[in-house]
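# What the coordinates show
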Amino acid sequence: MRSEEKRQNRRADHFPSPVFSMRCGMVAVVGRPNVGKSSLVNALVGRKVSIVTRKPQTTRHCIQGVVHRPEGQMVLVDTPGLHHKSEHALNRYLNDTAAAGLRGADLVLFVVEAGVWKAEDESVLRRLAAVAAPVALVINKVDRLSDRKRLLPEIKAHAQRRDYAFILPASAVKRDNLEALLRELFPRLPEGPPLYPEDRVEGYDPSFALAELVREKLMQRLRQELPYALTVQIEHLKREEKITRIEAVIWVERESQKAIVIGQKGQGLKEVGSAARREMERRLGRPVFLKLWVRCAEDWTDDPQALKRFGYSAP
Ligand SMILES: Nc1nc2c(ncn2[C@@H]2O[C@H](COP(=O)(O)OP(=O)(O)OP(=O)(O)O)[C@@H](O)[C@H]2O)c(=O)[nH]1
Ligand SMILES: [Mg+2]
């Protein structure tokens, strides 16, 4: 045996496979819009990595949140809600992005809402038939059930629809059953080295997170179609000695929408700005000066070139 080999073997005796005893992998979180995928990812990570609103189609990108535990590292991939086929460019982008989130996953978490099974859930299930990775089912929002006895027949009905790695009821908002969910997930991840450093909980750059916070506050405030006509870009981000200066542009797709975003005497924009600034300050741990602009990019949600420019490029 060559001396180098001997040395390697000795090392292995002293440190019995230190890296590969860890479970590390990717879990794609999919489902129709509004079932609580982002809420679940945030609750599992223990921090808001993905924005949440009461409106469907909030998430627009594959957003990675990382769970660090002694047994390993799990990268959760939050995806846009899969919805019925549409020729509209932004909707098509959302579905393609969600489908891309499934690729490379070691396990897929299909999220549904307790007591609800819609045609859109059915079409997610059909899409999952072609996925090679094992699929587990989370029945979220169980806190909304008035009678928990209804869960058992519901679980049975789900089990008849396909073979799941496991089925677990949970509540992202009440943090119900999340520890059990992590205990089910980790042993199913492959052995291997971690993908992210220990202190990292999100897989994107800070300016994306800041733009998302502004979009969240806008979506929470605005009604009907307008939230879908908006996107936000950070134009300027500068860390000064005592303050972080941020300028963001809110893009709408019609001139008439500007006035709705700005509100009477600028009140709407002011409220969105203060809510976003407060959360940015909490996140950055320092004072923030936030300036918001509203501009129009005519019909950007149905214009593939504009979509690309705003960071919605086909995955
Ligand atoms: N009662 C209850 N509400 C929940 C729970 N999880 C999520 N919600 C609510 O459901 C709504 C949608 O949550 P999201 O996490 O944004 O849902 P999503 O599946 O990511 O939605 P899209 O990104 O639009 O696909 C929000 O109002 C959440 O507060 C839960 O466990 N219980
Ligand atoms: Mg979401």
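Residues numbered from 1 in each chain as written. Chains lettered and ligands numbered in written order. Predicted model: local features only at pLDDT ≥ 70, side-chain atom pairs only at ≥ 80, totals over all residues. Heavy atoms only, no water.

With mixed pairing, the 3 strands of this open sheet are ordered in space as 7-8-9. Where the open sheet ends on each side, the last strands, each with one partner, are strand 7 (231-239) and strand 9 (288-296). On average, adjacent strands in this sheet sit at an angle of 15 degrees to one another, irrespective of strand direction. Its contacts with the sheet place helix 7 (residues 206-221) against strand 7, strand 8 (244-252) and strand 9, and it is angled at close to 130 degrees to strand 7. (Pairing = 2+ DSSP bridges. Helix = DSSP H or I, 4+ residues; strand = E, 2+ residues; numbered from the N terminus. Axes fitted to C-alpha atoms, helices over the stretch in contact; angles between N-to-C directions. Contact = heavy atoms within 4.5 Å.)

This next bit is on the coordination of the magnesium ion (ligand 2). Around the magnesium ion (ligand 2), the donor atoms from the protein are S38 (OG) and T59 (OG1), and they sit 2.0 to 2.1 Å away. Here the residue S38 occupies a position in helix 2 (residues 37-45), and T59 occupies one in the loop between helix 2 and strand 2 (63-69), the gap between them amounting to 21 residues. Since its relative accessible area comes to 8%, S38 is described here as buried. (Donors = N, O, S within 2.8 Å, 3.2 Å for Na, K, Ca; no water. Buried < 20%, exposed > 50% of the residue type's maximum accessible area, 1.4 Å probe, protein only.)

What follows concerns the pattern of salt bridges. Applying the stated criterion across every chain, the model contains 23 salt bridges. A salt bridge links D176 to R148; its shortest N-O distance comes to 3.0 Å. Taken together, the positions of D176 in the loop between strand 6 (167-169) and helix 6 (178-185) and R148 in the loop between strand 5 (135-140) and helix 5 (151-161) put the pair 28 residues apart, joining distant regions of the chain. By relative accessible area, which is 26% here, D176 ends up partly exposed. Residue R148 is classed as partly exposed on the basis of its relative accessible area of 46%. In this structure, the salt-bridge partner of D299 is R254, at a minimum N-O distance of 2.8 Å. Here D299 is found in the loop between strand 9 and helix 10 (304-309), whereas its partner R254 is found in the loop between strand 8 and helix 8 (255-262), with 45 residues between them in sequence. Exposure remark for D299: the relative accessible area of 35% places this residue in the partly exposed category. (Salt bridge = Lys/Arg side-chain N within 4 Å of Asp/Glu carboxyl O.)

Taken together, 6 strands build an open sheet; the order of strands is 2-3-1-4-5-6 and the sheet is mixed. Taken across any chain shown, the strands that pair with only one partner, and hence form the sheet edges, are strand 2 and strand 6. Across the sheet, the axes of successive neighbouring strands diverge by a mean angle of 25 degrees, strand direction being ignored. Bridge count for strand 2 against strand 3 (residues 72-78) is 7 bridges, and the pairing is antiparallel. The partner of V66 across the bridge, within strand 3, is V75. Along the sheet, helix 2 makes contact with strand 1 (23-30), strand 2, strand 3, strand 4 (107-113) and strand 5, crossing strand 3 at roughly 160 degrees.

With respect to the helices, strands and loops of the structure, H61 is situated in the loop between helix 2 and strand 2. Overall, the relative accessible area of 14% leaves H61 in the buried class. In this structure the side chain of H61 is engaged in a polar contact, spanning 3.2 Å, whose partner is the side chain of Y93. Ignoring sequence-local partners within four residues, the contact set of H61 consists of D78, T79, P80, Y93, T97, F208, G311 and Y312. (Polar contact = N/O pair within 3.5 Å; in protein donor to acceptor, adjacent residues only side chain to side chain.)

Once the domains are mapped, the protein shows domain 1 (3-188) and domain 2 (206-309). Inter-centroid distance (C-alpha atoms) of domain 1 to domain 2 is 29 Å. Each partner contributes to the interface: domain 1 provides 16 residues, whereas domain 2 provides 20 residues. When domain 1 packs against domain 2, the two sides together hide about 1,600 Å² of surface, and 52% of this comes from carbon and sulfur. Contact with domain 2 buries area across many residues of domain 1, yet I51, K55 and R60 alone supply 37% of it, more than any other trio. On inspection of domain 1 and its partner domain 2, the count reaches 2 salt bridges. For K48, the salt bridge goes to E216, with nearest N and O atoms at 2.7 Å. Across the contact surface, domain 1 and domain 2 share 15 residue pairs in polar contact (both at pLDDT 80 or more). Across the side of domain 1 that touches domain 2, the residue classes break down as 6 nonpolar, 5 polar and 5 charged. (Domains from an automatic or database assignment. Buried area = accessible area lost by both parts, 1.4 Å probe. Nonpolar A, V, L, I, M, F, W, Y, C, P; charged D, E, K, R; others polar.)

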